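Survey of secondary and tertiary structure
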Amino acid sequence: MKSVAIKGIKEFEIKEIDEPISDGENVIIEITKSGICGSDIHYWDMGNPVGLVMGHEFSGKVVDPGIRADLKTGDRVTALPISPCGKCSACLSANPQYCSDTWTYAIGLSLDNPGGLAPMLKVRSDMVLKLPSTMSFEEGALVEPTAVGYHAINLANIKVGDKVMFSSNDQVLGEIVDVEILPSRTAVFNESTKKYQIDENENYIFCRFTVKASGYLNDRNEAFAANKAVLYSDEFYLETTSL
């Protein structure tokens, strides 16, 4: 079957790979949607590893349910791409991301396990999740990255009603409802546009959402007349790669 594989620096090729074969254990999925992760962009930029078929965020339909008695052909599913051993201290402490096997055999992240940039793939049966009828294939492909963000929220103990600041490539998403001072965190603020610009020497800004005004971070190189403001937050700052 045809797949899209890394050929070199910022170069793909259409590559013939073997179709997954039923083995009575693993689940075979026909891919409907496949996402592009930040790590995929890095692989694309580096052109390495050559031959990698990326796509570890995906959704599709069951072709072969393998050992999963609760699945049938045609079921709508997604899956976690990891392959933890389930026996090491990391796995037994509910931290499979630290297992040495997790990324070695990960779907779309290892040469031996092609990802969603192919018509079909084979996944460990315990990693497959059935999609609810109300969830689209697009949403299903976002389950893995959403789970990563949700895990971060849980680690930070953020609750409904807490005030937060989101940053994505120098853009803050959400309403800024107050600006308070914190030494060493500076930004330029324009009252008319309600926009901020990070100081050239700063990587992050922090603020508390307590004033009713939309706020956005401009590109670092964008110039506009504004007053210097210092932002701070004793609550939560969330940095994201894309939204």
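Residues numbered from 1 in each chain as written. Predicted model: local features only at pLDDT ≥ 70, side-chain atom pairs only at ≥ 80, totals over all residues. Heavy atoms only, no water.

**Observations concerning the nonpolar core**
One broad trend across soluble globular proteins is that nonpolar side chains are buried collectively. Rule in force here: As used in this record, nonpolar core signifies buried Ala, Val, Leu, Ile, Met, Phe, Trp, Tyr and Cys residues forming a set joined through side-chain atoms within 4.5 Å. Only protein chains enter the accessibility calculation, which uses a 1.4 Å probe; a residue whose area is less than 20% of its type maximum is buried, one above 50% is exposed, and one in between is partly exposed. Helix numbers and strand numbers start at the N terminus; a helix is a DSSP run of H or I with at least 4 residues, a strand a run of E with at least 2. What makes two residues a contact is simply this: any of their non-hydrogen atoms within 4.5 Å.
Counting residues in each nonpolar core, the largest one holds 14 residues, and the members touching the most others are Ile29, Phe58, Leu121, Val123 and Val128. Listed by contribution, the elements that provide at least two residues to this core are β3 (27-34), β4 (58-64), β5 (76-79) and β6 (120-123). In terms of residue count, the dominant contributor to this core is β3 (three residues). Sequence-distant contacts of leucine 121, that is, excluding residues within four places in its chain, are made with Pro20, Val27, Ile28, Ile29, Ile31, Phe58, Ile107, Pro114, Gly115 and Gly116. Of all hydrophobic cores here, the second largest spans seven residues; its members include Ala5, Ile17, Ile28 and Val53.

**Let's talk about the side chain of threonine 102**
So the rule is basically this: By the criterion applied in these results, polar contacts are pairs of N or O atoms within 3.5 Å in which, for protein atoms, one can donate a hydrogen and the other can accept it, and in which residues neighboring in sequence qualify only through two side-chain atoms.
The residue threonine 102 is located in helix α3 (residues 100-104) in this model. A polar side-chain atom of threonine 102 sits 2.4 Å from the main-chain carbonyl oxygen of proline 96. With residues near it in sequence (within four places) discarded, threonine 102 still touches Ile82, Ser83, Pro84, Pro96 and Gln97.

**Concerning the sheet that holds β6**
We count it as follows: Strands are treated as partners if at least two bridges between them are detected by DSSP. Axis angles are defined between N-to-C directions and span 0 to 180 degrees, where every axis is a line fitted to C-alpha atoms and, for a helix, only to the segment in contact.
Pairing within the open sheet is antiparallel, and its five strands lie in the order β6-β3-β4-β5-β7. Of all the strands in the sheet, the pair left with one neighbour each is β6 and β7 (128-130). Ignoring which end each strand starts from, the neighbouring axes of this sheet average 45° apart. As judged from the six bridges shared by β3 and β4, these two strands associate in the antiparallel manner. Directly across from isoleucine 28, in β4, lies its bridge partner aspartate 64.

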